[in-house]
Amino acid sequence: QVQLEESGGGTVQAGGSLRLSCVASKVTFSINTMGWYRQAPGKPRELVAYITDGGTTNYADSVKGRFTISRDNDKNTVYLQMNSLKPEHTAVYYCNFRYPRVGIDYWGQGTQVTVSS
């Protein structure tokens with residue numbers, strides 16, 4: 001079973017930056033997708049961005065041009081660089097790992113990102 005360990009969350013002032021990291025262990029198959037979702041208080045969890053093992057990316061419209069997702073396949077690690085943060089970006093950010101061919105998802109424990117005004 002894939003295990004995910006997230007890091008990089010914290011509190012930052014509006015306009016600041018944060019970089020989230022997520023390391024996946026016990027990965028069995030190289031064909032996979034890694035990404036980030038977030039959940040703000042009282043709201044459903046939503047996709048932020050994902051990246052395939054081949055490097056194809058997809059972003060939520062609300063973060064395009066502001067967030068950048070990348071990955072290191074050798075390290076089974078995905079990163080989310082978040083720039084020009086706003087208070088509305090405050091949420092718990094969850095790392096997601098997916099085996100797309102079988103539709104199996106794994107989730108990290110979540111890391112809090114708080115943007116103060």
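Residues numbered from 1 in each chain as written. Predicted model: local features only at pLDDT ≥ 70, side-chain atom pairs only at ≥ 80, totals over all residues. Heavy atoms only, no water.

A.B. asks: Is there a simple way to explain the state of the cysteines in this structure?
C.D. replies: Where two cysteines share a covalent bond between their sulfur atoms, that bond is called a disulfide. Counting across every chain of the model gives 1 disulfide. The disulfide partner of cysteine 22 is cysteine 95, and the S-S distance across this bridge is 2.1 Å. The sign of the S-S torsion, about -85°, decides the handedness of the disulfide formed by cysteine 22 and cysteine 95: left-handed. Note that cysteine 22 is positioned in strand E3 (residues 18-25) and cysteine 95 in strand E9 (residues 91-99), a separation of 73 residues in sequence. As far as burial versus exposure is concerned, cysteine 22 and cysteine 95 are alike and both buried. (Disulfide = S-S within 2.5 Å. Helix = DSSP H or I, 4+ residues; strand = E, 2+ residues; numbered from the N terminus. Buried < 20%, exposed > 50% of the residue type's maximum accessible area, 1.4 Å probe, protein only.)

A.B. asks: Honestly, the packing of aromatic side chains in this entry has me stumped. Any pointers?
C.D. replies: For any pair of aromatic rings, the description rests on two quantities: the centre-to-centre distance and the angle between the ring planes. Enumeration over the complete set of coordinates arrives at 5 aromatic pairs. When the ring of tyrosine 37 is compared with that of tryptophan 107, the centres are 5.0 Å apart and the planes differ by 70°; the resulting orientation is edge-to-face. Taken together, the positions of tyrosine 37 in strand E4 (residues 33-39) and tryptophan 107 in strand E10 (residues 104-107) put the pair 70 residues apart, joining distant regions of the chain. Residue classification places tryptophan 107 among the partly exposed positions, given a relative accessible area of 37%. Considering the side-chain rings of tyrosine 99 and tyrosine 106, the 6.3 Å spacing of their centres and the 90° angle between planes classify their relative orientation as edge-to-face. Tyrosine 99 gets classed as buried once you look at its relative accessible area, which sits at 8%. Its relative accessible area of 16% is what places tyrosine 106 among the buried residues. Counting every residue linked through ring pairs, the aromatic cluster contains Phe29, Phe97, Tyr99 and Tyr106. Geometry around tyrosine 79 places arginine 19 over its ring, the cationic atom sitting 4.1 Å from the centre. (Phe/Tyr/Trp six-rings, centres within 6.5 Å; stacked < 30°, edge-to-face > 60°. Lys NZ or Arg CZ within 6 Å of the ring centre and 35° of its normal.)

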